[in-house]
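Coordinate analysis (summary)
The chain contents come next:
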Protein chains: 4
Amino acid sequence: MNTKTAKSNSRTGDLFNRLIRGDWSVFKKLVPGDSDDALDLSSIAQALLSRRGEASGMMLAQRLLDTFETSTQEARLAFFLDLAQNFAADPESLSAAIEQYQQSPGDEALARLGRAVEPRRQELIRRLNHSSGGTHRLIKMRESLQGFLRAHPELAAVDADFLHLFESWFNPGFLEMRRMDWRTPANVLEKLIEYEAVHAVQDWSDLRNRLEPVDRRCFGFFHPQLAEEPLIFVEVALTTEVPSSIQTLLHPEHIPIPAAQASTAVFYSISNTQKGLAGVPFGSFLLKHVIESLQREIPTLNTFVTLSPVPGFARWLGGERAAEKSEMLSEETIEALKVLDDDHWYEDEDKTQGVRAAMLDSARAYFLRARNAKGIVLDPVARFHLRNGAELHQLNFLGDVSPNGLKQSHGLMVNYLYKLRDIERHHEAFVERREIVASKAVLGK
Amino acid sequence: MNTKTAKSNSRTGDLFNRLIRGDWSVFKKLVPGDSDDALDLSSIAQALLSRRGEASGMMLAQRLLDTFETSTQEARLAFFLDLAQNFAADPESLSAAIEQYQQSPGDEALARLGRAVEPRRQELIRRLNHSSGGTHRLIKMRESLQGFLRAHPELAAVDADFLHLFESWFNPGFLEMRRMDWRTPANVLEKLIEYEAVHAVQDWSDLRNRLEPVDRRCFGFFHPQLAEEPLIFVEVALTTEVPSSIQTLLHPEHIPIPAAQASTAVFYSISNTQKGLAGVPFGSFLLKHVIESLQREIPTLNTFVTLSPVPGFARWLGGERAAEKSEMLSEETIEALKVLDDDHWYEDEDKTQGVRAAMLDSARAYFLRARNAKGIVLDPVARFHLRNGAELHQLNFLGDVSPNGLKQSHGLMVNYLYKLRDIERHHEAFVERREIVASKAVLGK
Amino acid sequence: MNTKTAKSNSRTGDLFNRLIRGDWSVFKKLVPGDSDDALDLSSIAQALLSRRGEASGMMLAQRLLDTFETSTQEARLAFFLDLAQNFAADPESLSAAIEQYQQSPGDEALARLGRAVEPRRQELIRRLNHSSGGTHRLIKMRESLQGFLRAHPELAAVDADFLHLFESWFNPGFLEMRRMDWRTPANVLEKLIEYEAVHAVQDWSDLRNRLEPVDRRCFGFFHPQLAEEPLIFVEVALTTEVPSSIQTLLHPEHIPIPAAQASTAVFYSISNTQKGLAGVPFGSFLLKHVIESLQREIPTLNTFVTLSPVPGFARWLGGERAAEKSEMLSEETIEALKVLDDDHWYEDEDKTQGVRAAMLDSARAYFLRARNAKGIVLDPVARFHLRNGAELHQLNFLGDVSPNGLKQSHGLMVNYLYKLRDIERHHEAFVERREIVASKAVLGK
Amino acid sequence: MNTKTAKSNSRTGDLFNRLIRGDWSVFKKLVPGDSDDALDLSSIAQALLSRRGEASGMMLAQRLLDTFETSTQEARLAFFLDLAQNFAADPESLSAAIEQYQQSPGDEALARLGRAVEPRRQELIRRLNHSSGGTHRLIKMRESLQGFLRAHPELAAVDADFLHLFESWFNPGFLEMRRMDWRTPANVLEKLIEYEAVHAVQDWSDLRNRLEPVDRRCFGFFHPQLAEEPLIFVEVALTTEVPSSIQTLLHPEHIPIPAAQASTAVFYSISNTQKGLAGVPFGSFLLKHVIESLQREIPTLNTFVTLSPVPGFARWLGGERAAEKSEMLSEETIEALKVLDDDHWYEDEDKTQGVRAAMLDSARAYFLRARNAKGIVLDPVARFHLRNGAELHQLNFLGDVSPNGLKQSHGLMVNYLYKLRDIERHHEAFVERREIVASKAVLGK
């Protein structure tokens, strides 16, 4: 144990003695923003990891979280930095464990090495979780941490420890899929309005329009500790054909069809809600659960398809058009695309007819040929669905003429198709060989 | 990767190809008990950890658990041994990671080392948990594993991996304390009858007697994935004084007192239910939650006390009496104890009066002076409560005259007292200095 | 208003003034059993019906029910008699209303007549129902009333008022059918043990045997105000054929069949639970709901049948055998029936074979030809099912060899068959023409 | 039975035979709006009351309600008129029952008379209630009926029968009080927006403002058969003093106080939701339940008060001002009130100060002296609260400056105070002596 830790422990000892006498005033006296704040968070953290933590753990955990949540940004940063520096694995124990393993590499040595390499932060996070509401508060703590990551890359190790535990705690086996509809409590529904990331919900009337009609569904994953907000949710429309326009699909005067008449389930929006759970994979599991559940509910469904944005398209296209010589697009195409610079081109039938073919050619290039440095398809939404085993099924010119849709993809949307019996094969093609599985229509055959 | 794994992987590949074509018959064809069974479990395990596992993970996990549960003991053992041998950390990756760490011991090297030292089994167990009902089935799998541990100590590493994950998954933050009473579903209540480990529940009428009166309580910890059985539960009686006899406390014709008249909450039985969760600590958390909850419900309560068995007493006393010369007990005491050899001594007033003092002296010796090789108090129940910060409060001669009570402790019971403001101090005294905190009455002062 | 009422009102006034000053002691002072008790109940009743009842109704209702429940039998009887005498329709108002109606028989006169003829007790009962738990307490009050009916036929009018309101309150539209199984709260399940009226439940293990197997069902009607006990419940076995013996059906070692393999649902017990609801018809509605619900759950079911006792058979047969000359049974039959006087005849194969034909002939006579004074079939269970539109389907010799079964029907049981498309026709045949609809097998054709 | 009924019965018989053969087409064939529609409704009604109704009642009830709900206004009216004419008490049976009663007026004759006077409609309505969802549909049916009452006063008897049954079915003993807050399902909350009758809810944000802050409450009565909408609800604000302005109370930037700091519960809005339940009294019971519940929840509350509109004030004041000579108001007052004719007078400090005294004097006259033909206070809201036993506590000048508030009462609001120990006395004062109980402040003493 290095000197710094020893010293902070000594301070902890003092604080701790007052604390166990019930003298919480010691904390309250400290002026918010006072530079000692960070030390306080660290002191409580040390106490929580100490032997006394066993007896009064829940109280200490509560206190640390309370203090953290009322701390300044400076104090939080100092605490995170302290976690990075002083709550890592102990170098001496680790060296000793390595040495023992190298001398006699049996199970026991491995186990010791495993324990020695685990950062002490992980046990700290586990103990913080003992307190009531701890899980949600830890998610918020990581959200706070992520705000510092760019400026302080040394905090990445702390972030990795949060993620490691969250992946274990939010194992799909612990999640419950629930349908949300117009009977769902208002405090849950307002989360949908808040978190919808793809096609913003305008107001409660728009929300109702997405939940109440008999041909609409919404499903989310819930964790028992966060009963009032979904971790992720997907919005679904039941239709008789693969849709090509989000504005048509969500039209306020849309006339519902009976669910039993639907052949197609359209996933038109999927949104994560907790920034603090970034990196924990939910989407793929949710889609598979929803497909399974819909098949049981509505046996007539035979097509499961998305209506998806193409968030990287406009930027990429801008690059190609700005390049001296595009390797992806022909000169004619680039010429035709000039119309995109006109205001309101998408409302002018002549202009849209003129640019349609060029746009779809560009889209094909974007999906089928353009690749990033690692040789993977550029579009993040495409990466998600193709990795899940879906097929790029259809390109939709002017599929989203909202300001956001025009800005990010000149209105382009696409459908990804989930064919259950091909999912595994497509997944492997993408993961192992980076192949883009696409329909004949998209391939232009 | 050693040759064996490679070979089994190749076999896996073949099986797997048939499997993804939906040809599950390959498994069904195998005769139960056939020596290939184990290989099958291992094959599915390999597939589940492979790249394909991402796409068809839930199906594979389901299959592995189904197969395991219908396998013979031989097949299960073979599978566990395979987990020990072939699903540990990969030695080569580990050596490489160690080397890198020793050369440049930064965060990145530490992270890589952490990943390399983690047995592949852990990821396997996490993926098995994806399947529906997986958590409970994994607990049962570990229960099965524990049956092999004595004969196969090399499986200890596998057991440690289960325990590591279970400690994370069953973090107290994820448990819900629920009261059980006579309105609780029958299928939950029958678990109480099944699992009560301290004072057996005779029948439903006995159970009702422990749950329905207004001066009785029962609380358990539940995990969302095991909604129909408590992981641990504690039975409580509300009284006006510290009780000294379990037969009196549980008398079928006991007349209930209004809860608001009670001053004392007596924890007279605490039972774990899942063998497969052995080593995951619940008891201390449950007691603290229950105390907190009872304080809120019944503000008149001022004493929280157990009525506990002394399971190691009779054996220890037998040793002392058999010894040529006891260092713990005086000759007079040993002489007086001879009456314990008489049949039905406890029903004879003369005999009980004659042995009472000797018994209590022996009990003092047992608790206050006798120690095991590590210098710790012998009695396991005492260790649990003293570690939690309780005080050894009262010795109860003839506190339990059931056959079991007489056999394990010649009828002796004790009370441990939980004083909230002393818990931390007592806990430290015991953990750091191995002190037995006892009341003046017990100390004989 | 007659003198008696006036006087009691005056007394009420006095009591009431003290009561509204919060002086409840006036009631408490009265010695239980004191002859004034009845007056007290009546006084509160008068207050509750008075103008003041509007403001303090719930308090008065509570008080009346509390007082009633702690009153002696004498006091209760006095109260009921007072209800009969002094809380009927007011004769003067009624005469006036009749007169008006006879002079000008319009809607208004009719309405006034309707109000005048309604006993004041009905409004009293309605107001008692305002208090918390009032519905259940009123049911218990009627149960108490029924104990006096035989000795005091003048209370029949009071009983009729309870029944009139209960029929309205327990309209099938307000009842909820719920399945009860092994997950049902224990306090509800113990009601099944308590109330099972046909084939007594021995203990919790017997109960579990009737609820938990996958081929057993139990359904009850619940009223929102009595959430913890069914008003009526029916026990169902799923089988592959029409059963002929209750002991076989309920055999403890019975091996369950998957529900999806069942063709037949057997209603083998139907029990009312609330004596205070006697006369309110639930059974027919419950059976129809259960049939509908089972058809939805298990589409393979094609036969809905009872296995029913024949409670009046042994008594009737005794009469025929004792008669000098039976008009129903032949001499041979009567001769053959003598074996029934032997102990344990039903365990002797020779004897059972000898009496079988005579017994079945007698049963045919009992069901098909014997009639009561009103010309209706004698057996009460038969009346219930035939009125519901069922068909007498099968006679089962030695269908119930329990002591009770032997005593009431020499072991005879029968099946009634519910064919949905014939129910209406059978119902009319029975109700309008007193026809017994029976299968060819029963008719002996 | 008159000829018309006989004929319609004969027709019924024919229809009914086809109906029990499953030939529902007979109904469907009829063109909507066809004049036979009404006959159909009546035919089903006749069938439902016939003997067959016992067996196939639920099906017939369902059918009648389905048909009614898709009928034209003409068909509905014809049906209601038929109910009035042909489903009343049978005159012959009634005459016979009267005769019997007059000859021997015992219990039996009374009972027969009671049965004879009951319109057959009542049994019809009870049987309609057997069908699933029947209760709610009957409420809607009465709502439809009420639309015809003014033009067809002969339907009043039919309406009275609905009301008679609804009063029994919606007895307070069957209602459940529930708190509604921001966790309440959205489909229930939107009913609050729809039905709020006093101070309109602008949008979801306004609704949230009334439900979510810790110093706001909303309670409603629910009936088990209408689980998704309250029958009546009251909105409550917790404050530290009696409020005098609704705009201040509902200010969007209102800063909540902790409930434990509140001394006063303010009922600022109470709304019925079901027109079809008009005449069934809920309000008084709800207020008393809410007061009781709030007292338990927040023991510091000592004042229960309304903030109420004065809906009849402006109209009455207009009358006084228009009269040649007001008997209620002095000439000075009338002179001062002229400012009310100015636009936006309430925003001009001089004008408001000038009219204040005259307005309050007028209000005193309106409440304390003005009376309707029956000698009762004019204001309907005052009648409700005074009858409940409240006291007119405070007059609030410019308490509601919304357009509606200015229009109906020139901005005047009042508080009614509920003092539990005086409720009974005040109630009697009002009901028996028509006294207006008012505070000294209001009385001007």
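All residue numbers here refer to positions counted from 1 along the written sequence of the relevant chain. Key to labels: chains lettered from A, ligands numbered from 1, both in the order written. Note on the predicted model: pLDDT of at least 70 is required for a residue's local features to be given, and 80 or more for side-chain atom pairs to be given and counted; whole-chain, interface and lining totals, by contrast, use all residues.

**Things to note about the relation of the copies chain A and chain D**
Only residues with pLDDT of at least 70 in both copies count here: their C-alpha atoms drive the least-squares fit that superposes the copies. Overlay of chain A on chain D (RMSD 0.2 Å): rotation 180 degrees, translation along the axis 0.0 Å. Taken together, the turn and the small shift mark the pair as related by a two-fold rotation axis. Within chain A, P185 of chain A has its C-alpha nearest the rotation axis, a separation of 1.8 Å. A shared interface surface links the copies, since 100% of the contact residues of chain A are contact residues in chain D too. This entry defines residue contacts through backbone-placed C-beta atoms, with two residues in contact when those atoms are within 7 Å.

**Points about the confidence of the model for chain A**
Averaged over chain A, the pLDDT score is 88; the fraction of residues at 70 or greater is 90%. Scored by ipTM, the complex comes to 0.83, with pTM at 0.86. Each residue carries a pLDDT score, the predictor's confidence in it, ranging from 0 to 100.

**Regarding the relation of the copies chain A and chain B**
Overlaying chain A on chain B yields an RMSD of 0.2 Å, the required transformation being a rotation through 180 degrees with an accompanying axial translation of 0.0 Å. In this assembly, 98% of the residues forming the interface of chain A have copies in chain B that are likewise at the interface, indicating an isologous arrangement.

**Some remarks on unusual backbone geometry**
All names here are of chain A. The phi dihedral of R434 is positive, around 55 degrees, even though this residue is not glycine. Put simply, DSSP H or I for four residues or longer makes a helix, DSSP E for two residues or longer makes a strand, and each gets a number counted from the N terminus. Relative to the assigned elements, R434 resides in the loop between α20 (423-433) and α21 (440-443). Three classes are used. A residue is buried when 20 or more other C-beta atoms lie within 10 Å of its own, exposed when 12 or fewer do, and partly exposed in between, with C-beta atoms placed from the backbone. Note on R434: 13 C-beta atoms within 10 Å, which makes it partly exposed.

**Regarding the UniProt feature "domain: Malonyl-CoA decarboxylase N-terminal" (unreviewed entry) in chain A**
UniProt positions are given in the numbering used here, feature names are shortened, and annotations may be inferred rather than shown by experiment. Per the UniProt record, "domain: Malonyl-CoA decarboxylase N-terminal" (unreviewed entry) is annotated on residues 87-170 of chain A. Counted over residues 87-170 of chain A, helix gives 75% and strand 0%. Its end C-alpha atoms are 24 Å apart.

**Remarks on the interface of chain A and chain D**
Taken together, the contact between chain A and chain D spans eight residues of the former and eight residues of the latter. If you tally residues by element for the side of chain A that touches chain D, the top one is helix α11 (residues 186-195) of chain A, at three residues.

**Digging into the nonpolar core**
One finds L64, V234 and L286 of chain B together with L64, V234, V236 and L286 of chain C to be the most contacted residues of the largest nonpolar core, which totals 199 residues. Every residue in contact with V234 of chain B, bar those within four places of it in the chain, is listed here: F219, F267, S269, I270, L286, L287 and V290 of chain B. Of all hydrophobic cores here, the second largest spans 198 residues; its members include F68, W204, L286 and A363 of chain A. In this usage, the nonpolar core is the set of buried Ala, Val, Leu, Ile, Met, Phe, Trp, Tyr and Cys residues whose C-beta atoms join them within 7 Å.

**Comments concerning the pairing of strand β5 (residues 303-306) of chain D**
One face of the sheet, then the other: side chains in a regular strand alternate in exactly this way. All names here are of chain D. Only when DSSP finds a minimum of two bridges between them are two strands counted as paired. Sheet topology places strand β4 (residues 264-272) next to β5; four bridges connect them, and they run parallel. Paired with T264 across the bridge in β5 is T303. Here two bridges tie β5 to strand β8 (residues 413-418), and the two strands are oriented antiparallel to one another. Within β8, the position partnered with V305 by the bridge is L417.

**A few points about the UniProt feature "domain: Malonyl-CoA decarboxylase C-terminal" (unreviewed entry) in chain A**
Following the UniProt record, the feature "domain: Malonyl-CoA decarboxylase C-terminal" (unreviewed entry) maps to residues 173-419 of chain A here. Note that residues 173-419 of chain A is 36% helix and 19% strand, and that its end C-alpha atoms are spaced 24 Å apart.

**A short note on the packing of helix α6 (residues 91-103) of chain B against helix α7 (residues 107-117) of chain B**
Residues and elements named next belong to chain B. Here an axis means a line fitted to C-alpha atoms, over the contact stretch when the element is a helix, while the angle between two N-to-C directions is reported on a 0 to 180 degree scale. The interhelical angle for the contact between α6 and α7, taken along N-to-C directions, is 160 degrees, at an axis separation of 9 Å. The pairing of α6 with α7 is recorded here as roughly antiparallel in orientation. In this structure, the crossing between α6 and α7 has a hand that is left-handed. Taking contact as the criterion, the partners of S93, L94, A97, I98, Q100 and Y101 in α6 are, on α7, A109, L110, R112, L113, A116 and V117. Split by residue class, the contact of α6 with α7 holds nine nonpolar, two polar and one charged. Here the word oblique covers every angle except those under 35 degrees (roughly parallel), over 145 (roughly antiparallel) and from 65 to 115 (roughly perpendicular). Whether a crossing is left-handed or right-handed is set by the direction in which the near helix is turned from the far one by less than a right angle, anticlockwise for left-handed and clockwise for right-handed. In this count, Pro and Cys sit with the nonpolar residues alongside Ala, Val, Leu, Ile, Met, Phe, Trp and Tyr, while Asp, Glu, Lys and Arg are called charged and the others, Gly among them, polar.

**Thoughts on the interface of chain A and chain B**
Across the boundary between the two partners, chain A contributes 41 residues, which contact 41 residues of chain B. Across the side of chain A that touches chain B, the residue classes break down as 19 nonpolar, 12 polar and 10 charged.

**What about helix α18 (residues 380-387) of chain C?**
All names here are of chain C. Taken as a whole, α18 has its buried residues at A382, H385 and L386. The buried residues of α18 occupy an angular sector of 100 degrees when the element is viewed end-on, so they sit on one face. Against the buried residues of α18 lie β5 (303-306), β6 (308-309), α17 (349-369), β7 (391-396), β8 (413-418) and α20 (423-433). At the exit of α18 stands G389, carrying a positive phi of roughly 100 degrees. As used here, the arc belongs to the directions running from the helix axis to the C-beta atoms.

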